Every structure is written in C-alpha cells, then in structure tokens.
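Structure assessment
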Amino acid sequence: MKQKTVNQIALYTGLTLLALIWLIPVITVMFTSVKSSADFFSGMGLFELPEELQWRNYRNAWVEGRLGLYLKNGLIVCFIKVPLSVLFASLLAFALTRLGIKHSRSLFIFVLVGMMLPQQIALIPLNLVYSRLHLTNTYLCLILTYIGFGIPLATMVFRGFFAGLPKELDEAARIDGCGNLRLYATIIMPLSKPAIASAVIMDFLYTWNEFMLQSVLITNDSMKTVPNGLLSFFGEFTVDYGLLNAGVLISILPVFLIYLMFQKYFVSGIAGAVKG
C-alpha cells in the first residue's frame, strides 16, 4: 500500500474520531431534551432514551419559557447589527487597502486594539451613558454596542482579503471613470463573497451568543435575547434540564442555518484574512 494512501486513511480516521468526540455533547443535549425531570434524576444514563419521549418540552420551552420572544429579539438585533457591521468594516478595510491612506498600517493596528480590550471595562461606562440617554432596555443600545465591539474582527477579515486583490483592478476601473464608491460597490465587494460570508458567520455567532453586555444593559424580560432569556429556565432551587436542553437546541437553529447558507465561502474567507 502506498504511503500516501496510508496517510490519507490515518487522516480520515483521526477526523472521524474528532467528529464523534464533537458530537457527544450534541447527542447528550438531544437525548436530555426529551426526558422529564423524573427521568433525569432516576439514574438514567445520558445516552439512554426514556420509554415515553417528552416532546412537549419543546412546546413548553417555546410557549411557557417565552423562547419565541427571545428568539425574535435576538433576530431583530442580528439582522440589523450584522449588515451594518459588515458595511462599516468593509468600508474601513477598503479605505485602508485601496485608497493609499498614509499610516494605514498604524491605523489598522489602532483598530485591532479594540479586540484586545476586555468587555468588562466598558460595562459601567456604557450603562451610565445609556441610562442618561434613556436607551437601556432598547434594541438600539445593543446594536450600537455590538457594532463597536464587532468592527475590529470584521475589519481584519476584509482587510486581509482586500489586500489579496490585484491593484490592476482599481487602475482599470479608474480608467473607465469609476469613483471610489463605485469601485467599492461594483468591483471589490462582488469579488469578496468569501470575506463577506466569513464576517457574517462570525459576527452573527458573536451577536447571537453574547451574554455579559446584554445582562447589564437589558433588565426588562420582554427585551431579552436568547442567552439571557435561557436563564429564566433555571428555578430558584431546581432546574428542568429537559426543558432547558430543548430550549438550547431550538436556540442553535438560526446559527446553524446561517452557517449552512454561507459555509461555501467561509474557509476561503478566513484564509484570505490570515494571509493578509
């Protein structure tokens, strides 16, 4: 047997084992989501299914747990914030890579500092500012905050990809009379689908799962998004783990769908960001 074939077998065997290890928590959550509290505390194994599957856990999570409301709030924030963040980050990356700005590398490093700052240092200032502006418990305070924290990473993705596009494209477009905005909108961005896909997936995932900032800025239960809303599934003394796991499974569906929509370009977009 050729050495190349042996290496391929070893590679795919290792990847299969890693995939199985990754799937173990997912399977555990799925099995737990159809168990009652009595099943969970009866000593039943994590990988055992009860005799009577508790499908009503999903209905109770949606209706009684108000998960539908939390999903709606999260989707509103994501569908407004993610496109705006992608727009602002791509414009910034376009300026840094295609307009010949002086000290563009220093400006890029300054933007990246935003990735290094811990969110905890902004909790009190943000809360004070939004309280004085009467913006706490609103979508706007979440959207503005998430855009600010999301731009550095998205800018890094776009800058890396834009830097790999040949400058001859710009020269040819300018000869045809293209201005900067037209160059950005009709040439650079259509060629940057991998970068857009990568930025959308990572930004959506961050926005959907963010917990700490919204736990401070949002105290009204009707305005909570999924991570904060799932806390209501915890009782003062007990936890219905079947209900909680059903809620968790429902909450990952939007992220899963977004990844399926953009995964075709995801790897090449990340590769371009690292290369740049």
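Residues numbered from 1 in each chain as written. Predicted model: local features only at pLDDT ≥ 70, side-chain atom pairs only at ≥ 80, totals over all residues. Heavy atoms only, no water.

1. What to know about the overall build of the protein
Summing up its helical and strand segments, the protein has 13 helices and zero strands in all. Listing the helices and strands of the protein from first to last along the sequence gives α-α-α-α-α-α-α-α-α-α-α-α-α. Across its three principal axes, the protein shows a C-alpha extent of roughly 75 × 70 × 30 Å. Counting all 276 residues of the protein, 40% fall into the buried class. Nonlocal contacts in the protein, meaning residues at least 24 apart in sequence, comprise 74% of its contacts between residues at least 6 apart. Surface accessibility of the protein: about 15900 Å² in total, with carbon and sulfur atoms responsible for 69%. Averaging the coordinates of the 20 positive side-chain charges in the protein and doing the same for the 14 negative ones gives two points 14 Å apart. (Helix = DSSP H or I, 4+ residues; strand = E, 2+ residues; numbered from the N terminus. Buried < 20%, exposed > 50% of the residue type's maximum accessible area, 1.4 Å probe, protein only. Contact = heavy atoms within 4.5 Å. Areas by Shrake-Rupley, 256 points an atom, 1.4 Å probe, with all protein chains shown as cover. Lys, Arg positive; Asp, Glu negative; His and termini not counted. Charge placed at Lys NZ, Arg CZ, Asp CG, Glu CD.)

2. Structural notes on the packing of helix α8 (residues 168-175) against helix α9 (residues 180-188)
Two elements in contact, α8 and α9, have axes separated by 11 Å at closest approach and are oriented at 120 degrees. What the angle tells us is that α8 and α9 run oblique. For α8 against α9, the interelement crossing comes out right-handed. Note on element contacts: α9 touches α8 through N180, L183, I187 and I188, opposite L169, D170, A173 and R174. (Axes fitted to C-alpha atoms, helices over the stretch in contact; angles between N-to-C directions. Parallel < 35°, antiparallel > 145°, perpendicular 65-115°, else oblique. Left-handed = near helix turned anticlockwise from the far one by under 90°.)

3. A closer look at helix α7 (residues 139-163)
A rise of 1.5 Å per residue sets the reference length of α7, with its 25 residues, at 36 Å; its end C-alpha atoms lie 35 Å apart and thus fit the reference within 8%. Along α7, the helix axis deviates most sharply at I151, where the bend reaches about 40 degrees; the proline P152 sits within four residues downstream. (Expected span 1.5 Å × (residues − 1). Bend = angle between axes of the 7 residues up to and from the residue.)

4. Considerations on empty space enclosed by the protein
Scanning the entire structure with this criterion turns up one cavity of 30 Å³ or more. Of the volumes computed, that of the largest cavity is approximately 50 Å³. For the largest cavity, the full set of lining residues is G74, V77, L142, Y146, T207, W208, Q214, T225, V226 and P227. Elements represented by at least two residues in the lining of the largest cavity include exactly α4 (67-98), α7, α10 (193-209) and α12 (226-229). (1 Å grid on protein atoms, 1.4 Å probe; cavity = no way out; pocket = protein on both sides within 12 Å on 5 of 7 lines; lining within 4 Å. Points joined across faces, edges and corners; volume = space filled by probe spheres on them.)

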